[in-house]
Amino acid sequence: MKGVKAMYLKELSELDGVSGDEGRVRKFIEEKIKDKVDSLKVDIMGNLIALKKGTKSNRKFLLAAHMDEVGFMVTNIEDDGTLSFGPVGGIDPRVAVGKHVRIKGELAGVIGYKAIHLQRKDELLASPKFENLRINIGAKSKEEASRKVEIGDYVTFATDFRCENARATGKAFDDRAGCAALMEILEKGQRYEDDLCFAFLVQEETGLRGSAVLFEQLCPDLALVIEGTTAGDDPGLPEHQWATHLGDGPAITFMHRGYVVNKKIYESILQVARKYDIRHQPKRRTAGGTDAARLAKTGGGVPAGVISIPARYIHSPLSMIDLADFNNTVLLLSKILEEGEGFAK
Amino acid sequence: MIDLIKELTESYGPSGREEEVQRIVLKYLEGYIDGHKLDPMGNLLVWKEGRDDKKVLLDAHIDEIGLVVTNIDDKGFLRVEPVGGVSPYTYVGHRVKFPKATGVVYYEGETPDEQKKNLSNLSFDLLFVDIGARDSREAETLVPIGTFGVYDSYFYKNGNYLTSKSMDDRVGCAVLVEVFRNLNDPKHTVIGSFSVQEEIGLVGAFVSAYSFSPQACVAVDVTDSADHPKGFKRHAMALGKGPAIKIKDKMSISHRRVVEMLEQAAQKANVPYQKEVLTFGGTNAAALQRTKEGIPSATLSIPTRYVHSPSETVSLNDVEGAVKLLLSFAKLELEF
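Each chain has its residues counted from 1, running along the sequence as written. Chains carry letters from A onward and ligands carry numbers from 1 onward, assigned in written order. The predicted nature of this model means local features are confined to residues of pLDDT at least 70 and side-chain atom pairs, given and counted, to a pLDDT of 80 or more, with totals for whole chains, interfaces and linings taken over all residues. Here the side-chain values reflect all heavy atoms present in the structure, with hydrogen atoms and water set aside.

Help me out: how do you make sense of the pattern of salt bridges in this one?
Opposite charge on two side chains permits them to pair, given that their charged atoms come into close proximity. Each reported salt bridge corresponds to a side-chain nitrogen of Lys or Arg within 4 Å of a carboxyl oxygen of Asp or Glu. Evaluated as defined, the whole model comprises 40 salt bridges over all chains. A salt bridge links D248 of chain A to R279 of chain A; the nearest nitrogen and oxygen atoms lie 3.1 Å apart. Taken together, the residues span a long stretch of sequence, with D248 of chain A in the loop between strand 13 (222-230) and strand 14 (251-252) and R279 of chain A in the loop between helix 6 (263-275) and strand 17 (281-282) at a distance of 31 residues. We classify D248 of chain A as partly exposed; its relative accessible area is 23%. Ionic pairing is found between E178 of chain B and R181 of chain B, a salt bridge with its closest N-O pair at 3.8 Å. Highlighted residues: E178 of chain B and R181 of chain B, both in helix 5 (residues 167-181), separated by three residues, approximately one helical turn. In this structure, a network of salt bridges that share partners links the residues D16, E69, R102, K171 and R176 of chain A. By definition, any uninterrupted DSSP run of H or I lasting at least four residues is a helix, any uninterrupted run of E lasting at least two residues is a strand, and each is numbered from the N terminus. Relative accessible area decides the class of each residue, using a 1.4 Å probe on protein chains only: under 20% of the type maximum gives buried, over 50% gives exposed, and in between gives partly exposed.

What exactly am I supposed to notice about empty space enclosed by the protein here?
In this approach, a probe sized like a water molecule rolls over the atoms, and the result shows the empty space that is left. All names here are of chain A. Here a cavity denotes a set of grid points, spaced 1 Å apart and computed over the protein atoms alone, in which a 1.4 Å probe fits but from which it cannot get out, and a pocket denotes an open set meeting protein on both sides within 12 Å along at least five of seven lines; residues with an atom within 4 Å of a point are reported as lining. Grid points are joined across faces, edges and corners, and a volume is the space filled by probe spheres set on the points. Across all of its chains, the model carries five cavities of 30 Å³ or more by this definition. Estimated volume of the largest cavity: approximately 100 Å³. Around the largest cavity, the lining residues are E69, V70, F157, K171, A172, F173, D174, Y313, I314, H315, S316 and S319. Amino acids outside the nonpolar list (Ala, Val, Leu, Ile, Met, Phe, Trp, Tyr, Cys, Pro) and the charged list (Asp, Glu, Lys, Arg) are all regarded as polar, and Gly is one of them. Taken together, the residues of the lining of the largest cavity break down into six nonpolar, three polar and three charged.

Honestly, the side chain of E199 of chain B in this entry has me stumped. Any pointers?
Residues and elements named next belong to chain B. Here E199 lies in the loop between strand 12 (189-195) and helix 6 (205-208). Within this scheme the basic residues Lys and Arg register as positive and the acidic residues Asp and Glu register as negative, but His and the chain ends are omitted. There is no salt bridge for the buried E199, and the closest opposite charge comes from R170, which lies 8.5 Å off by N-O distance. Setting aside anything within four residues of it in sequence, one finds E199 in contact with S15, H61, D63, E64, I65, G84, G85, D168 and H308. Only heavy atoms matter for contacts: two residues are in contact if any of them lie within 4.5 Å across the pair.

For this particular structure, what's the right way to read the domain arrangement of chain A?
When the parts of a complex come together, some accessible area is lost, and that lost area is often taken as the interface size. All names here are of chain A. Annotation of chain A at the domain level lists domain 1 (9-69 + 171-342) and domain 2 (71-157). Taken together, the contacts link 15 residues of domain 1 with 15 residues of domain 2. As used here, buried area is the combined drop in accessible area, with a 1.4 Å probe, of two parts when they are placed together. Interface of domain 1 and domain 2: buried area, both sides summed, is about 1100 Å²; carbon and sulfur atoms make up 62% of it. For the pair domain 1 and domain 2, the interface holds one salt bridge. R102 is paired through a salt bridge with D16; the nearest N and O atoms lie 2.8 Å apart. By the criterion applied in these results, polar contacts are pairs of N or O atoms within 3.5 Å in which, for protein atoms, one can donate a hydrogen and the other can accept it, and in which residues neighboring in sequence qualify only through two side-chain atoms. The tally of links from domain 1 across to domain 2 stands at six residue pairs in polar contact (both at pLDDT 80 or more). In terms of residue class, the side of domain 1 that touches domain 2 is made up of two nonpolar, six polar and seven charged. Domains are outlined according to an automatic or database domain assignment.

Laid out in structure tokens, this is it:
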């Protein structure tokens, strides 16, 4: 990754942490940030929450990214030693076929499918269903498989991180890219006017669950959710349906499923981006949701903004981001924090 | 009250952009309330103090459905997505009003066959908006991506029937305003919540009761009225038979005791009322009842024809009945 910074992205991307099994990711982040914050805790849901005092401390500013990724779970061990499984979070079964997977973060397996010779013409290109897919770990019998795997074990895609021409490919950029961005902010070791709460959240992909318990613990005055979001700039779609464009900078959300972003926060983000001439783009679709919707609806309500790093092919074994977008996201975030109490006042 | 309903329904306030309507509400309430505040989500909360420390919260959502600009092409045509439950059909050939421009909405089609096909499978991806811009730059100045629009519609009185956009739920806001303007010496403190972002998921109402912890909540909202040709089967609601006391919809079941109190209030004030079971939909009562440890909540509905269209139609009788009913409700002892 010559010259391009994104210090923790590779490690974070290669760690396995499907919703409900975020321990490896949490441990990694905790280890890296513990000396850079004033206090740190893991709450009952498993969210990692770090606090950093401000110089004025009049407001509590929450910065959130989710640690979990979409993946699978073993639902049964079949007589022939193969594993049936189902998705955890939203995954199109078509992207599962013919992939290497990792069970419990260690055991290798593959998801196979009938070879083309054995498919009828009308079966070709038809979407497989999860009930017709199996994970093969090379076991010859149920007994042999049962020695290595249990029902309920988590499964992730086994994808290596790569970086070429400042474009990174890997799994789980949704939302390890957000986690990496928050870690870079902490690396700067700076104090800002507001008290900062860094929340690395669990179970976003299964329904914004980790963020549901933040209000009672923190009572934040405002929040920013840092996400990895759909790029959609692919040739299959007409241009006016592209959500974001890779390389055009962080995507700023004005509305998504279940929440219109607080106007003051949305406009303040745009103002900061313009003030420092940081490349950015509005997110051009309203589909999908983030933890901002949950924060808005819990306790007394937390007005939240959403800044996303565009990623192509999310919720699949391989997504792609532009490192310039990542760096611009970190830059935008740090400039927002430098604004102090002037931001979204 | 008619002027109030006209002003409220003709004002601009899609979900997340409710400030203009909130200003109108405050203008009408000046001198009639003991205080008001905006909560962190932007809900406008007003109150009038009662004789004891119990509190009852009346809710009406102040937002309306709309469109939001998601793309602008080289020639200055806009692409839009819905804000809340909007049918693309209601916008074909109709106008959309943005803060700084008004546009015509139409649909794509390069041959008569394609037009026919698109019209029968209409989606927002097939719609575009023409604001008369010469190019993308002009459009971008007038309506940058992320600008919200609403039906360009107007208030009309047809005998006793009132027609306008956004009766859902400005008519509820008008009921609340009238209640506060006529509320004398209430038994308990009455809180009015003019809640934001109901149309996209009851967002405001999930948090609006948090800082007050009231003993009961009543959401005032519109409901289906099935009294037109081939209206919804199984729905009893009709225009002119009085406000409807909701028993159940898809998202909540009204608290039994609050329902009893609403009926009692209607009988005491001699207001005709109807009972409502809606087979779909939901109101802010679903969010209010789940606040903190739970709050007994119900919905008082204004039967409305053509909900979520530019011409939502209500009966003035039902609206005035709802005001009387709630004024009578405010005199009752809250006992659970």
